[in-house]
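Examining the three-dimensional arrangement
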Amino acid sequence: MKHFTGKGIYGAIAIGEISVFKRHDIKVKRIKIDNPEKELDRLEKAKETALSQLEEIYNKALVEVGEANAQVFEVHKMMLEDEDYSDAISEMIKTQSVNAEYAVATTGDNFAEMFATMDDSYMQARAIDVRDISNRLINCLAGNKSSGRGAGPRPGLIICADDLAPSETVSLDKDSVSAFVTAYGSSNSHTAILARNMNIPAIIGVGKDFLDGVKDGDIAIADGFTGTLIINPDQVTLKDYRQRQEAEAEKKELLQKLKGKENITLDGTEINIYANIGNVENIGSVLLNDAGGIGLFRSEFLYLENKDHPTEAQQFNVYKKILESMGGKKVIIRTLDIGADKQAPYFNLEKEENPALGLRAIRICLTRPEIFKTQLRALYRASAYGNLGIMFPMITSVSEVEEILNICQEVKSQLSSENLPYSDKTEIGIMIETPAAAIISDKLAPLVDFFSVGTNDLIQYTLACDRQNPHIDQFCDTHHEAILRLIEMSAKNAHANDAWIGICGELAADTTLTETFLRMGIDELSVSPGFVLKVREKVREINLGK
Ligand code: PEP
Ligand code: MG
């Protein structure tokens with residue numbers, strides 16, 4: 001039994017198998033060959049090995065995780081035998097005289113890209129499968145005998161990594177992940193946010209040596225309350241943690257009783273409690289936890305999941321689906337917040353010394369208006385299907401907001417001239433996540449319908465604490481008076497100008513501040529779906545009259 005300690009990010013307990021996160025950067029070289037027949041023969045043998053590996057994994061998964069979850073390996077087998085895929089590889093070997101590894105890698109990339117750009121979300125998700133079978137084939141060509149599991153679902157995995165970039169987390173099969181443990185990372189990193197969104201424990205900042213002490217298949221306990229990772233626990237410890245898990249499940253069950261109840265204080269003050277999501281798949285969790293709406297849809301994840309700029313049609317379909325699924329409840333979609341730690345390679349952003357202070361979010365949109373207009377067209381077109389609010393990130397000035405409003409007007413006029421419907425009731429909001437925006441909130445409020453405070457960035461920029469840096473957590477006082485004053489100032493200025501104000505940063509779920517926020521007059525708190533009922537419970541205990 002081994003112990004590692006870091007910082008617990010989400011209070012929950014997971015018991016499962018360790019899976020050490022490996023970056024899928026298998027390096028394949030293009031080699032000119034003079035005997036294509038020999039390469040085709042190698043390819044055929046590798047395929048046979050891959051097929052028998054998949055058969056073996058399928059049978060194992062069938063026993064361990066049941067038929068529904070094992071099915072993915074059958075799909076992989078079918079893909080591996082697919083004629084189009086196989087022919088494309090063989091043709092490339094024959095016509096270009098290249099090594100089999102290169103032909104497999106290139107064909108895999110081409111097919112994955114093709115899937116990723118399809119309109120149907122099921123087909124889009126197949127991109128990962130194609131990459132997975134191509135990597136398996138390349139491994140077999142290299143003589144690697146380990147069958148591995150690939151990317152298929154396998155409930156209960158505790159993912160261990162040095163750190164996870166947002167672009168890496170989007171490629172994880174979320175259904176199989178039961179916890180994250182990282183050597184680095186900070187409380188406000190996107191890995192931490194993802195864990196909260198998924199309601200699973202995360203332990204960060206365990207230190208780089210921990211990866212030497214874990215291996216695939218180790219049984220482990222991840223305790224997100226205390227930040228402890230226990231490898232190969234003894235029977236007594238396991239029993240103890242199973243009991244704690246049960247007690248937690250009971251507490252959750254009790255919270256379910258709050259479903260359908262109002263978010264109202266003892267003295268009658270009401271507040272909206274919405275949910276933050278990054279993916280259409282999270283909507284189930286929003287509805288399950290009875291959120292009153294979506295307070296933040298991080299649209300950049302749509303861009304991170306794609307190999308190229310998502311088209312207007314692709315975006316329209318996603319936004320429409322969210323709006324329709326929420327059946328008239330408020331849905332706030334934030335325009336893309338790419339840059340800093342959220343990098344999509346096809347944006348070709350230059351490497352920056354201080355990326356958090358660089359070309360990110362609205363700055364990219366205003367310097368690449370075509371990308372911005374495509375997103376706005378998709379958003380406005382989708383607005384006809386529900387109750388949409390469009391929100392803009394990283395605002396620092398009045399002129400930015402004026403420019404945004406002009407572009408919105410242009411997009412709406414264009415849609416009208418094309419006879420494409422949009423809703424005139426679409427609200428416009430900005431994020432208050434820079435000190436500049438909070439300080440000039442009196443000037444910004446008359447221009448918009450709402451503010452939403454992004455405390456993750458507001459804290460980073462106000463306290464000069466890089467949210468990605470795990471070594472300065474002690475200096476990053478999330479309750480710092482400066483932060484609370486900026487929020488209060490923004491609330492006053494919003495209300496003085498008939499705008500409403502919400503908080504969508506992680507601080508919104510900090511129930512030790514709920515009363516403070518209510519006293520400031522905050523109208524909405526938007527939190528990870530799993531926190532909605534906890535915040536509701538807190539609100540219902542508060543008496544502002546006292
Ligand atoms: C924030 O900064 O608080 C926020 C909600 O946005 P993100 O975490 O995506 O930067
Ligand atoms: Mg932010």
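Overview of the overall build of the protein chain
Summing up its helical and strand segments, the protein chain has 19 helices and 16 strands in all. Relative to the compact-globule value of 24 Å for 546 residues, the protein chain shows a C-alpha radius of gyration of 25 Å, a close match. Scored against the burial criterion, the 546 residues of the protein chain give a buried share of 54%. Taking all contacts inside the protein chain whose residues are at least 6 apart in sequence as the whole, residues at least 24 apart take part in 69%. Per element, the accessible surface of the protein chain, about 24000 Å² overall, is 50% carbon and sulfur. When the 60 positive and 82 negative side-chain charges of the protein chain are each reduced to one mean point, those points stand 2 Å apart.

Notes on the sheet that holds strand E8 (residues 228-231)
If you trace the 8 strands from one edge of the open sheet to the other, you get E1-E8-E7-E3-E4-E5-E6-E2, paired in mixed fashion. Pairing within the sheet leaves two strands with one partner each, and these edge strands are strand E1 (2-5) and strand E2 (7-8). Inspection of the sheet shows strand E4 (residues 157-161) paired to strand E5 (residues 177-182) by 5 bridges, in the parallel sense. Bridged to Leu157 within E5 is Val177. Packing of helix H7 (residues 235-255) onto the sheet brings it into contact with strand E3 (13-20), strand E7 (219-223) and E8, and relative to E3 it is tilted by some 120°.

A look at a negative patch on the surface
Together, Asp82, Glu83, Asp84 and Asp87 make up a region of like negative charge exposed at the surface. One can find Asp87 in helix H2 (residues 83-96). Under the relative-accessibility criterion, Asp87 is labelled partly exposed at 42%.

A closer look at the coordination of the magnesium ion (ligand 2)
Coordination of the magnesium ion (ligand 2) by the protein is provided by Glu433 (OE) and Asp457 (OD), with metal-donor distances spanning 2.0 to 2.1 Å. Of the two residues, Glu433 is situated in the loop between strand E13 (427-432) and helix H14 (435-439) and Asp457 in helix H16 (residues 455-462); the sequence distance between them amounts to 24 residues. Taking relative accessible area as the criterion, Glu433 reaches 2% and is therefore assigned buried.

Things to note about the confidence of the model for the protein chain
The predicted model of the protein chain has a mean per-residue pLDDT of 90, with 94% of residues at 70 or higher. Under a pLDDT of 50 for its full length, residues 149-153 has, in the predicted model, 20 contacts with residues more than four places off or in other chains.

Concerning the pattern of salt bridges
A side chain with one charge can pair with a side chain of the opposite charge if their charged atoms come near. Applying the stated rule across the entire model yields 30 salt bridges. Via salt bridges that share partners, Glu300, Arg334, Asp337, Lys342, Arg360, Asp457 and Arg467 belong to a single interconnected network.

Examining the sheet that holds strand E14 (residues 450-453)
Judged by pairing direction, the barrel is parallel, and its 8 strands sit side by side in the order E9-E10-E11-E12-E13-E14-E15-E16 before closing back on the first. Sheet twist, expressed as the mean angle between neighbouring strand axes with direction ignored, is 25°. By the bridge criterion, 3 bridges tie strand E9 (residues 272-277) to strand E10 (residues 293-298) in an arrangement that is parallel. Across the sheet, the residue bridging to Asn276 is Leu296, located in E10.

Points about the site of ligand 1
Around ligand 1, the surrounding shell holds 17 residues, and the nearest of these are Arg298, Arg334, Gly454, Asn456 and Arg467. Between ligand 1 and Arg334, the relevant distance is 2.8 Å, taken from an oxygen atom to a side-chain nitrogen or oxygen of the residue. Lys342 has a polar side-chain atom sitting 3.2 Å from an oxygen atom of ligand 1. Look at ligand 1: alone it shows 290 Å² of surface, and the protein chains cover 100% of it. Contributions of two or more residues to the shell around ligand 1 are made by helix H6 (190-198), E10 and H16. In terms of residue count, H16 provides more of the shell around ligand 1 than any other element does, 3 residues in total. Of the residues that constitute the shell around ligand 1, the class distribution is 4 nonpolar, 5 polar and 8 charged.

Examining the environment of Leu304
In this fold, Leu304 is placed in helix H9 (residues 300-304). Assessed through its relative accessible area of 8%, Leu304 is described here as buried.

Focus: the environment of Lys330
Residue placement: Lys330 occurs in strand E11 (residues 330-334). Classification of Lys330 as buried rests on a relative accessible area of 10%. Between the C-alpha atom of Lys330 and that of Leu388, which follows or precedes it by 58 residues, the distance is 6.1 Å. One polar contact links Lys330 to Asn387, side chain to side chain, over a distance of 3.1 Å.

Notes on the pairing of strand E16 (residues 524-527)
The alternating pattern of E16 places Glu524 and Ser526 on one face and Leu525 and Val527 on the opposite face, and all of these are buried. Note: E9 against E16, 4 bridges, orientation parallel. Its bridge partner being in E16, Ile273 is matched across the sheet by Leu525. Of the strand pairs in this sheet, strand E15 (residues 500-503) and E16 are connected by 2 bridges, and their pairing is parallel. Opposite Ile503, over in E16, you have Leu525 as the bridge partner.

A closer look at the nonpolar core
Most often, soluble globular proteins have nonpolar side chains that are buried together. Counting 93 residues, the largest nonpolar core has Phe347, Phe392 and Phe517 as its most contacted members. For this core, the element with the highest residue contribution is helix H12 (residues 369-383), accounting for 7 residues. Non-local contacts of Phe392, meaning those with residues more than four positions away in its chain, are made with Thr335, Ile362, Phe372, Leu376, Ile404, Cys408, Ile428, Gly429, Ile430 and Met431. The next biggest cluster of nonpolar side chains, apart from the first, holds 33 residues, and it includes Phe73, Leu80, Val98 and Phe111.

Cut-offs and rules
- Residues numbered from 1 in each chain as written.
- Chains lettered and ligands numbered in written order.
- Predicted model: local features only at pLDDT ≥ 70, side-chain atom pairs only at ≥ 80, totals over all residues.
- Heavy atoms only, no water.
- Helix = DSSP H or I, 4+ residues; strand = E, 2+ residues; numbered from the N terminus.
- Rg over C-alpha atoms; globule rule 2.2 N^0.38 Å.
- Buried < 20%, exposed > 50% of the residue type's maximum accessible area, 1.4 Å probe, protein only.
- Contact = heavy atoms within 4.5 Å.
- Areas by Shrake-Rupley, 256 points an atom, 1.4 Å probe, with all protein chains shown as cover.
- Lys, Arg positive; Asp, Glu negative; His and termini not counted.
- Charge placed at Lys NZ, Arg CZ, Asp CG, Glu CD.
- Pairing = 2+ DSSP bridges.
- Axes fitted to C-alpha atoms, helices over the stretch in contact; angles between N-to-C directions.
- Patch = residues over 30% accessible without salt bridge, like charges linked within 9 Å, V, L, I, M, F, W, Y side chains within 5 Å.
- Salt bridge = Lys/Arg side-chain N within 4 Å of Asp/Glu carboxyl O.
- Donors = N, O, S within 2.8 Å, 3.2 Å for Na, K, Ca; no water.
- pLDDT = per-residue confidence, 0-100.
- Near = heavy atom within 4 Å.
- Polar contact = N/O pair within 3.5 Å; in protein donor to acceptor, adjacent residues only side chain to side chain.
- Nonpolar A, V, L, I, M, F, W, Y, C, P; charged D, E, K, R; others polar.
- Core = buried A, V, L, I, M, F, W, Y, C linked by side-chain atoms within 4.5 Å.

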